[in-house]
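Residues per chain, in single letters:
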Amino acid sequence: MKDIQNQEDLYLLVDSFYKKLLSDDSISYIFTAVVKIKIEEHLPILVTFWSQAILGTGGYTKNLTQIHLDIDKKEHLTPELFKIWLHHFYTTVDENFIGEKAEQIKTQALSIATIMQIKIIQQNE
Ligand code: HEM
C-alpha cells in the first residue's frame, strides 16, 4: 500500500468513501433526501477541497463550515452522524493508503469535524 500522492488518489478515496456513506442508511438520507447531491458534480469538489488541504494545491474557496451549518438548519447533524461520517472516512483511508498524508488527512478530518460540531452547538443555542 502507498501513501496519498496525487488527485487521482484523492478521487479514489472520496469515491470509495461516498460509496460507504451512501450505502449506510443511518447517514445516506442526508445526501439523498435532505440535500440531493449530484455525485458526479460533488466528487470533483471534494477532490479540490482535499487536494488543497493535503497536497497544498489551491482552488477551494467556499466556506465549508457555513455549508454544513446550513444543512444543520434543515436536518440536525448530530454527534452520532459525525461519528458515522468519521468512521467511514477513517476506514476508507486505512483500506487504501498508508503513510504521512494518510495520517494527515484523518487528523484534518477530525479537526474540521470538531470545529463544525462546535459551530453547530453555537448555532442551536
Ligand atoms: C455529519 C457529518 C457530515 C455530513 C452528514 C455531511 C454532509 C454533506 C452534504 C449533504 C454536503 C452537500 C452540501 C451541498 O451541496 O449543499 C456536503 C458537502 C461537503 N462536505 Fe460534508 N458532511 C459532513 C461532514 C463533513 C466533514 C467533517 C468534512 C470535512 C472534513 C466535510 C466535507 C465536505 C466538503 C468538502 C463538501 C463540499 C462542499 C462544497 O460544495 O463546496 N463534510 N457534506
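Calculation rules
Residues numbered from 1 in each chain as written. Predicted model: local features only at pLDDT ≥ 70, side-chain atom pairs only at ≥ 80, totals over all residues. Heavy atoms only, no water. Near = heavy atom within 4 Å. Polar contact = N/O pair within 3.5 Å; in protein donor to acceptor, adjacent residues only side chain to side chain. 1 Å grid on protein atoms, 1.4 Å probe; cavity = no way out; pocket = protein on both sides within 12 Å on 5 of 7 lines; lining within 4 Å. Sits in = over half its atoms within 2 Å of the grid points. Helix = DSSP H or I, 4+ residues; strand = E, 2+ residues; numbered from the N terminus. Nonpolar A, V, L, I, M, F, W, Y, C, P; charged D, E, K, R; others polar. Salt bridge = Lys/Arg side-chain N within 4 Å of Asp/Glu carboxyl O. Core = buried A, V, L, I, M, F, W, Y, C linked by side-chain atoms within 4.5 Å. Buried < 20%, exposed > 50% of the residue type's maximum accessible area, 1.4 Å probe, protein only. Contact = heavy atoms within 4.5 Å. Points joined across faces, edges and corners; volume = space filled by probe spheres on them. Axes fitted to C-alpha atoms, helices over the stretch in contact; angles between N-to-C directions. Parallel < 35°, antiparallel > 145°, perpendicular 65-115°, else oblique. Left-handed = near helix turned anticlockwise from the far one by under 90°.

- In the nomenclature of an unreviewed UniProt entry, the chain corresponds to Hemoglobin from the organism Flavobacterium swingsii.

**Observations regarding the site of the ligand**
Part 1 of the reasoning: Close to the ligand lie 23 residues; F31, Y60, K62, L64 and H68 are nearest.
Part 2 of the reasoning: Here an oxygen atom of the ligand and a side-chain polar atom of Y60 are 2.6 Å apart.
Part 3 of the reasoning: Note that an oxygen atom of the ligand is positioned 3.0 Å from one of the side-chain N or O atoms of K62.
Part 4 of the reasoning: Judged by the fraction of its atoms near the pocket grid, the ligand is located in the largest pocket.
Part 5 of the reasoning: Of all the elements in the fold, those that place two or more residues in the shell around the ligand are helix 2 (25-34), helix 3 (39-55), helix 4 (64-74), helix 5 (79-96) and helix 6 (100-123).
Part 6 of the reasoning: Broken down by class, the residue content of the shell around the ligand amounts to 20 nonpolar, two polar and one charged.

**Digging into the pattern of salt bridges**
Part 1 of the reasoning: Evaluation of the coordinates by the stated rule reveals six salt bridges.
Part 2 of the reasoning: One salt-bridge network, held together by shared partners, links D94, E103 and K106.

**Considerations on the nonpolar core**
Part 1 of the reasoning: In this structure, L10, L13, Y18, W50, L77, F89 and I105 are the most contacted members of the largest nonpolar core, which totals 35 residues.
Part 2 of the reasoning: Secondary-structure elements contributing two or more residues to this core are helix 1 (7-22), helix 2, helix 3, helix 4, helix 5 and helix 6.
Part 3 of the reasoning: Per-element tally for this core: the top contributor is helix 6, with seven residues.
Part 4 of the reasoning: Those residues within four positions of L10 in sequence are excluded, and the remaining contacts are I4, V47, W50, S51, L55 and I105.

**Here's the deal with the layout of surface pockets**
Part 1 of the reasoning: In this structure, the largest pocket spans a volume of roughly 740 Å³.
Part 2 of the reasoning: The wall of the largest pocket is formed by 31 residues, among which Y18, H42, L64, H68 and I71 lie closest to the centre.
Part 3 of the reasoning: Elements with a contribution of two residues or more to the lining of the largest pocket: helix 1, helix 2, helix 3, helix 4, helix 5 and helix 6.

**What to know about the packing of helix 1 against helix 3**
Part 1 of the reasoning: One way to put it is that helix 1 packs onto helix 3 with a least axis distance of 9 Å and a crossing angle of 125 degrees. Between helix 1 and helix 3, the angle is such that the two are oblique. Crossing hand, helix 1 versus helix 3: right-handed. Facing Q7, L10, Y11, V14, D15, Y18 and L22 of helix 1, the residues of helix 3 in contact are I39, H42, L43, L46, V47, W50, S51 and L55.

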